[in-house]
Amino acid sequence: MDTKVWERCIARLEGDLTPQQFNTWIRPLRAVETEGELRLLAPNRFVREWVRERLMDRISDILAALPDAPARVTVEVCEEPPPPPPQAASQEASSTSEATFRRKDDRGAQISSLRPEFTFETFVEGKSNQLARAAALQVATHPGESYNPLFIYGGVGLGKTHLVHAVGNLMRRRDPRAQIVYLHSERFVADMVKALQHNAIAEFKRFYRSVDALLIDDIQFFAGKERSQEEFFHTFNTLLEGGQQIIMTCDRYPKEVDGLEERLKSRFGWGLTVAIEPPELETRVAILMSKAQQMGTRLAPEVAFFIAKRIQSNIRELEGALRRVVASSRFTGRPITLDFAKEALKDLLALQDKLVTIENIQKTVAEYYRIPVRDLLSKRRNRSVARPRQMAMALAKELTSHSLPEIGEAFGGRDHTTVLHACRKIAQLRETEARVQEDYTNLLRTLST
Amino acid sequence: MRAGGPRQLSLPLGPAEERGFASYVPGPNAEAVALLRALARGEATAPVIHLWGPPGVGKTHLLHALCAETTRDAGLPCAYLPLDQHELSPRALEGLEQLGLVCLDALEAVAGEPLWEEALFHLCNRLREAGVPLVSAARAAPAGLGLALPDLRSRLAWGQVLHLRPLGDGDLERLLREAARRRGLQLGEEAACFLLRRCPREPARLLALLEQLERLALAEGRRLTVPFLVRVWQGALEAAETLQGQEGGA
């Protein structure tokens, strides 16, 4: 492959175009030169059309003026994966073992791989994910037998994907020949569309129905895609009849996904449906300590507590905050003390504080229970108002750094002991009443994401 | 949300080196520059980077520099997508996982648009799976962008989120004098201070102004001294007054 001609052409184009145009339309092209033909490969049809319409004449002109100009120049959409980038190569090399599963399906597309780092060993267990973890472990050791399908649901960044990969990795370790396919629901849709376009739907069906385990992430993205749901319905039935394991994740309870066919919703509930809740403080601390160790850093417990206390939304953002602190420490050469962490996360936390105010909590809670905000601040004490008020107070204590007297003041000038009582009451009800627990997690999720 | 809002000022078209990392005066943003340079060399540890800050801190400059160095050093194709450009559509995100790097600029322009957000979310997943780095830039951090899809927000917040800050006086002076030196001009300390006291503090606009001054100085065969600048300023003020007078009389 000699791209010298293209390089010279690029040098001329760079002078003709604005830096923005050059970076947007020329840099994504790959050039392949064969037998007097220059093939420009665009990543998608959008880029191809732009280059064809706006640049082909200019490119032809430039090439014509070069001594060893190719006779023909074409621009097409690249369908083959390029050689792996250097960043991916090291990962590839370390996981040539059975941990990574890659295979080419009939259409030459790459089937998604399991991430070797997502195992049960690296999954931090806590009250919020205990049940889901136990179910996943059971499925990994008895695939197709115990819970089929396994349906894991919960908010974003709580570890659903980690758990699914952990099952896949363990199954693979126990049976290296098992065909385990992990993919995101969007990939299923895209593959199906491609198969329809290439008249290869029979191969598509054969492939997905032949696997030993199908792990499919974020099925809420099937919503409104009727043809994909139809196809998935049949795949699902075939796998289930064959005793092949299915695991699905979703951001909500199956019945709550709008735009999903009823027959799918009901089938999703045939096996076991488990929730992952947002992790509580202790789990968040444990997660931070574990992630820090994986990054090769030791984190003082007080620093972990500080970060965990302030970032409550989800594990992914918790990890982002830790990453910021660790990188900042490495860059400046300063040790990670509590003050250092506060400084490094200043911007991030300021933003959080702006989002979670007592006022915002009152508004959200009032909307959730469909009562006016003024009722929360009023002296009324009947249950329909008192419970939401206690909930709002408990959330204010959990999510803001305001003191008990400050919170009491913001709720129509109440005493700090009233706030304390509310916090205790809600904590106790969360243990005994499922409804209260559900309200609490829903509100916590709404407020912190 | 894509309509309206101030348009991004593009950097003046100077020699190629003016768009690289070398011409970016890091000032308070040294960590971001170091991280991006490591990424261009293929040594980065963070596969997702989000840069945020007000207009004029050089987000676009850094993304362009990153693209240029990635192509030059690693020989990899890359994509740069300014999302405030109306000619782009979510279809432009297809297949980008085949490239070596993807840069998204002005992310705030599509925040709140369901089609864009979902397409970006899927892009994040495909890039992560393929091991391709993603660098985004916006006016705000992921939590402050007003994204409707929490999945997208948490994916952007998962990587390195870096706040870019405007340059201080000393750094701006250095920027001006270095840009002048690259153009073969002499710009003394006093002349640089004169400009900084009277001009917008965004590097892109300062450099555009320098380019205009260069043309004037060249035409008159003068150097960029304080007396010369004073004269240019007075001329510009008088011209503005005359214009105002004419408009008032009309």
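Residues numbered from 1 in each chain as written. Chains lettered and ligands numbered in written order. Predicted model: local features only at pLDDT ≥ 70, side-chain atom pairs only at ≥ 80, totals over all residues. Heavy atoms only, no water.

### Quick word on the side chain of Glu69(B)
All names here are of chain B. Tracing the chain through its elements places glutamate 69 in helix H2 (residues 59–74). With a relative accessible area of 11%, glutamate 69 lands in the buried category. Beyond its immediate chain neighbours, meaning those up to four positions away, glutamate 69 contacts Phe21, Arg37, Ala40 and Ala74. (Helix = DSSP H or I, 4+ residues; strand = E, 2+ residues; numbered from the N terminus. Buried < 20%, exposed > 50% of the residue type's maximum accessible area, 1.4 Å probe, protein only. Contact = heavy atoms within 4.5 Å.)

### Topic: the sheet that holds strand E4 (residues 150–153) of chain A
All names here are of chain A. Strand order in this open sheet of 5 strands is E5-E6-E7-E4-E8, and the pairing throughout is parallel. Whereas interior strands pair on both sides, the edge strands pair on one side only; in this sheet they are strand E5 (180–184) and strand E8 (272–275). Averaged over all neighbouring strand pairs, the angle between strand axes comes to 15°, with direction disregarded. Note: E4 against strand E7 (residues 245–250), 4 bridges, orientation parallel. Across the sheet, the residue bridging to isoleucine 152 is threonine 249, located in E7. (Pairing = 2+ DSSP bridges. Axes fitted to C-alpha atoms, helices over the stretch in contact; angles between N-to-C directions.)

### Some points on the interface of chain B and chain A
Buried accessible area, meaning the area lost when the parts come together, often serves as the stated size of an interface. Taken residue by residue, the interface counts 57 residues in chain B and 54 residues in chain A. Both faces combined, the contact of chain B with chain A buries some 4900 Å², and carbon together with sulfur accounts for 54% of it. For the pair chain B and chain A, the number of links is 8 salt bridges. Its salt-bridge partner being Arg126(B), residue Glu186(A) comes within 3.4 Å of it at the nearest N-O pair. At the junction of chain B and chain A, the tally comes to 23 residue pairs in polar contact (both at pLDDT 80 or more). Looking at the side of chain B that touches chain A element by element, the count peaks at 8 residues for helix H3 (residues 114–130) of chain B. (Buried area = accessible area lost by both parts, 1.4 Å probe. Salt bridge = Lys/Arg side-chain N within 4 Å of Asp/Glu carboxyl O. Polar contact = N/O pair within 3.5 Å; in protein donor to acceptor, adjacent residues only side chain to side chain.)

### Some words on the domain arrangement of chain B
All names here are of chain B. According to the domain assignment, chain B contains domain 1 (26–163) and domain 2 (169–249). Its C-alpha centre places domain 1 at a distance of 34 Å from the equivalent point of domain 2. The junction of domain 1 with domain 2 conceals about 250 Å² of combined surface from both sides, 54% of it contributed by carbon and sulfur atoms. At the junction of domain 1 with domain 2, the criterion picks out 0 salt bridges. Summed over the shared surface of domain 1 and domain 2, the result is 0 residue pairs in polar contact (both at pLDDT 80 or more). Class assignment of the residues belonging to the side of domain 1 that touches domain 2 gives a composition of 3 nonpolar, 2 polar and no charged. (Domains from an automatic or database assignment. Nonpolar A, V, L, I, M, F, W, Y, C, P; charged D, E, K, R; others polar.)

### Considering the sheet that holds strand E1 (residues 30–34) of chain A
Residue and element names in this part refer to chain A. If you trace the 3 strands from one edge of the open sheet to the other, you get E1-E2-E3, paired in mixed fashion. What marks the edges here is a single partner per strand, and that holds for E1 and strand E3 (72–77). Each strand of the sheet is rotated relative to its neighbour by a mean of 20°, with strand direction disregarded. In this structure, E1 lies alongside strand E2 (residues 37–42), joined through 5 bridges in antiparallel fashion. What sits directly across from valine 32, in E2, is arginine 39. Where helix H3 (residues 45–64) meets the sheet, its contacts fall on E2 and E3, and the angle it forms with E3 comes to roughly 170°.

### A look at unusual backbone geometry
Asn148(A) connects to Pro149(A) through a cis peptide bond whose omega is 0°. Mapping Pro149(A) onto the fold places it in the loop between helix H5 (130–141) and E4. Even without being glycine, Arg370(A) reaches a positive phi, approximately 55°. The residue Arg370(A) is located in the loop between helix H16 (358–369) and helix H17 (373–377) in this model. With a relative accessible area of 77%, Arg370(A) lands in the exposed category. Positive phi, normally seen in glycine, also occurs at Ala106(B), with a value near 55°.

### Concerning the packing of aromatic side chains
Following the criterion strictly, the structure yields 17 aromatic pairs over all chains and no others. Between Phe221(A) and Phe121(B) the ring centres are 5.0 Å apart and the planes differ by 25°, which places this aromatic pair in the stacked class. Of this pair, Phe221(A) sits in the loop between strand E6 (213–217) and helix H9 (226–241) while Phe121(B) sits in helix H3, placing the two residues on different chains. Each member of the pair, Phe221(A) together with Phe121(B), is buried. Centre to centre, the rings of Phe232(A) and Phe268(A) are 6.2 Å apart; their planes meet at 65°, and the pair counts as edge-to-face. Of this pair, Phe232(A) sits in helix H9 while Phe268(A) sits in helix H10 (residues 262–268), placing them 36 residues apart in sequence. For Phe232(A), a relative accessible area of 1% translates into the label buried. In this structure an aromatic cluster arises from ring pairing among Phe151(A), Phe188(A), Phe204(A), Phe207(A), Tyr208(A), Phe222(A), Phe232(A), Phe236(A) and Phe268(A). Across from the ring centre of Tyr440(A), 3.8 Å away, lies the NZ or CZ of Arg430(A), which sits over that ring. A cation sits over an aromatic face here: Arg198(B) above Phe194(B), 3.7 Å from the ring centre. (Phe/Tyr/Trp six-rings, centres within 6.5 Å; stacked < 30°, edge-to-face > 60°. Lys NZ or Arg CZ within 6 Å of the ring centre and 35° of its normal.)

### Re the pattern of salt bridges
Residue and element names in this part refer to chain A. One pass over the full model with this rule turns up 42 salt bridges over all chains. Here arginine 227 makes a salt bridge to glutamate 231, at a shortest N to O gap of 3.4 Å. Taken together, the residues arginine 227 and glutamate 231, both in helix H9 and 4 residues apart, mark about one turn of the helix. We classify glutamate 231 as buried; its relative accessible area is 1%. Ionic contacts of the salt-bridge type, sharing partners, join the residues Lys205, Arg209, Arg227 and Glu231 into one network.

### Looking at the packing of H3(B) against helix H4 (residues 150–158) of chain B
All names here are of chain B. Viewed as axis vectors pointing N to C, H3 and H4 meet at an angle of 40°, and their least axial separation amounts to 9 Å. Comparing the axis directions of H3 and H4 gives the class oblique. Our pair here, H3 against H4, has a crossing hand that is left-handed. From H3, Glu117, Leu120, Phe121, Cys124, Asn125 and Arg128 reach across to H4, where they touch Asp151, Leu152, Arg155 and Trp158. The residue makeup of the contact of H3 with H4, split by class, is 5 nonpolar, 1 polar and 4 charged. (Parallel < 35°, antiparallel > 145°, perpendicular 65-115°, else oblique. Left-handed = near helix turned anticlockwise from the far one by under 90°.)

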